[in-house]
Amino acid sequence: MAIESKTNNHHVGWIEIICGGMFSGKSKELINRIKTAEAAQQKVAIFKPAVDTRYHADKIVSHDAAALDAKPINDAKMMLEGTEDLHIIAIDEVQFFSQDIIQVVEQLANAGKRVIVAGLDMDYEGKPFGPMPSLLSVANYITKLHALCVLCGAEASYSYRKITSKDQVVLGEKDKYEARCRNCFNS
Ligand code: ZN
């Protein structure tokens with residue numbers, strides 16, 4: 001992806017976001033970027049919210065089953081510990097963190113780190129999800145991925161919930177959600 005910075009300036013940090021709906025390939029893209037960096041001897045720390053236990057408590061996993069070890073944490077501030085030797089901080093499912101995450105990623109970028117975060121930009125109602133709106137504002141680079149609508153095949157940015165629940169956080173996969181385009185989501 002040419003739109004992400006490829007500079008090797010260790011003094012300047014930045015924030016990059018991979019966002020989109022469910023099944024749009026966010027975790028896969030995050031894993032790809034981490035593997036590319038690790039191949040270049042970059043030191044990477046990988047975090048995920050402790051709430052996300054769909055596949056493994058201590059891994060990030062894409063829908064096509066690529067996986068990397070990740071540290072599950074509840075408090076975003078834990079990411080600030082022991083970062084001296086790290087080049088990159090990667091965070092998956094970032095929408096589940098509290099608003100504290102915004103200051104944490106800025107602090108890491110200010111300290112010269114490359115911060116890569118992936119997460120849902122909208123919840124099942126199509127509303128901005130948790131800290132994502134603010135993260136998108138402070139990010140240097142944004143990649144928005146799309147799935148294809150399961151009903152009509154158009155580009156899909158919505159995560160339609162197939163079960164009845166009004167909770168914003170209901171963990172699930174294709175048993176509970178499907179990718180939908182704007183028209184099919186609203187119909
Ligand atoms: Zn559709």
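Details of the structure are given in the entry above.
Quantities reported herein were computed from a predicted structural model and do not represent experimental measurements.

Caption draft 1: Fine view of the coordination of the zinc ion. Within the protein, Cys149 (SG), Cys152 (SG), Cys181 (SG) and Cys184 (SG) serve as the donor atoms for the zinc ion, at 2.3 to 2.4 Å. Taken together, the 4 donor atoms coordinating the zinc ion and their angles of 103 to 119 degrees define a geometry best described as tetrahedral. On the primary sequence, the residues serving as donors to the zinc ion are separated as C-x2-C-x28-C-x2-C. Of the two residues, Cys152 is situated in the loop between strand 9 (147-148) and strand 10 (155-156) and Cys184 in helix 4 (residues 182-186); the sequence distance between them amounts to 32 residues. Exposure remark for Cys152: the relative accessible area of 48% places this residue in the partly exposed category.

Caption draft 2: Structural detail: the packing of aromatic side chains. Overall, the coordinates contain 4 aromatic pairs when judged by the stated rule. Judged by centre distance (4.4 Å) and plane angle (15 degrees), the ring pair of Tyr158 and Phe185 falls under stacked. With Tyr158 in strand 11 (residues 158-161) and Phe185 in helix 4, this pair connects stretches of sequence that are 27 residues apart. For Tyr158, a relative accessible area of 10% translates into the label buried. Taking the centre distance of 6.5 Å and the plane angle of 90 degrees together, the rings of Tyr160 and Phe185 count as edge-to-face. With a gap of 25 residues between them, Tyr160 in strand 11 and Phe185 in helix 4 connect regions that are remote in the sequence. Ring pairing ties together the aromatic residues Tyr158, Tyr160 and Phe185, which thus form one cluster. A cation over a ring is seen here: Arg161 above Tyr124, with NZ or CZ 3.7 Å from the ring centre. Across the ring face of Tyr160, the terminal group of Arg180 is positioned such that the distance to the ring centre comes to 3.6 Å.

Caption draft 3: Spotlight on unusual backbone geometry. Unlike most non-glycine residues, Gln41 shows phi in positive territory, near 60 degrees. With respect to the helices and strands, Gln41 occurs in the loop between helix 1 (26-39) and strand 2 (44-49). Backbone geometry at Glu93 places phi at a positive 50 degrees, although glycine is not the residue there. The topology assignment puts Glu93 in the loop between strand 6 (88-91) and helix 2 (100-110).

Caption draft 4: Spotlight on the nonpolar core. Formed by 24 residues in total, the largest nonpolar core has its most connected members in Met79, Ile91 and Ile101. Looking at this core, the elements with two or more residues in it are strand 1 (14-20), strand 2, strand 6, helix 2, strand 7 (114-120) and helix 3 (132-138). No other element matches the 6 residues that helix 2 contributes to this core. Sequence-distant contacts of Ile91, defined by excluding residues within four places in its chain, comprise Leu30, Phe47, Met79, Phe97, Ile101, Val105, Val115, Ile116, Val117 and Ala118. Ile31, Ala70, Ala90 and Ile116 belong to the second largest nonpolar core, which has 15 residues in total.

Caption draft 5: Summary view of helix 2. Among the residues making up helix 2, those that are buried are Ile101, Ile102, Val104, Val105, Leu108 and Ala109. The arc that holds the buried residues of helix 2, viewed along the axis, is 170 degrees, so those residues lie on one side. When the buried face of helix 2 is taken as reference, the exposed residues oriented beyond 90 degrees from it are Gln103 and Asn110. Structurally, helix 2 contributes buried residues whose contacts are with strand 1, strand 6, strand 7 and helix 3. Backbone geometry just downstream of helix 2 places Gly112 in the positive-phi region, at approximately 95 degrees.

Caption draft 6: Helix 1, seen in detail. Taking 1.5 Å per residue as the helical rise, helix 1 with its 14 residues ought to reach 20 Å, and the 20 Å between its terminal C-alpha atoms agrees with that figure. Looking one or two places after helix 1, you find Gln41, whose phi comes out positive at around 60 degrees.

Here is what the cut-offs are and how they apply
- Residues numbered from 1 in each chain as written.
- Predicted model: local features only at pLDDT ≥ 70, side-chain atom pairs only at ≥ 80, totals over all residues.
- Heavy atoms only, no water.
- Donors = N, O, S within 2.8 Å, 3.2 Å for Na, K, Ca; no water.
- Tetrahedral: all angles 85-135°; square planar, octahedral: opposite > 155°, others 65-115°.
- Helix = DSSP H or I, 4+ residues; strand = E, 2+ residues; numbered from the N terminus.
- Buried < 20%, exposed > 50% of the residue type's maximum accessible area, 1.4 Å probe, protein only.
- Phe/Tyr/Trp six-rings, centres within 6.5 Å; stacked < 30°, edge-to-face > 60°.
- Lys NZ or Arg CZ within 6 Å of the ring centre and 35° of its normal.
- Core = buried A, V, L, I, M, F, W, Y, C linked by side-chain atoms within 4.5 Å.
- Contact = heavy atoms within 4.5 Å.
- Arc of directions from axis to C-beta.
- Expected span 1.5 Å × (residues − 1).

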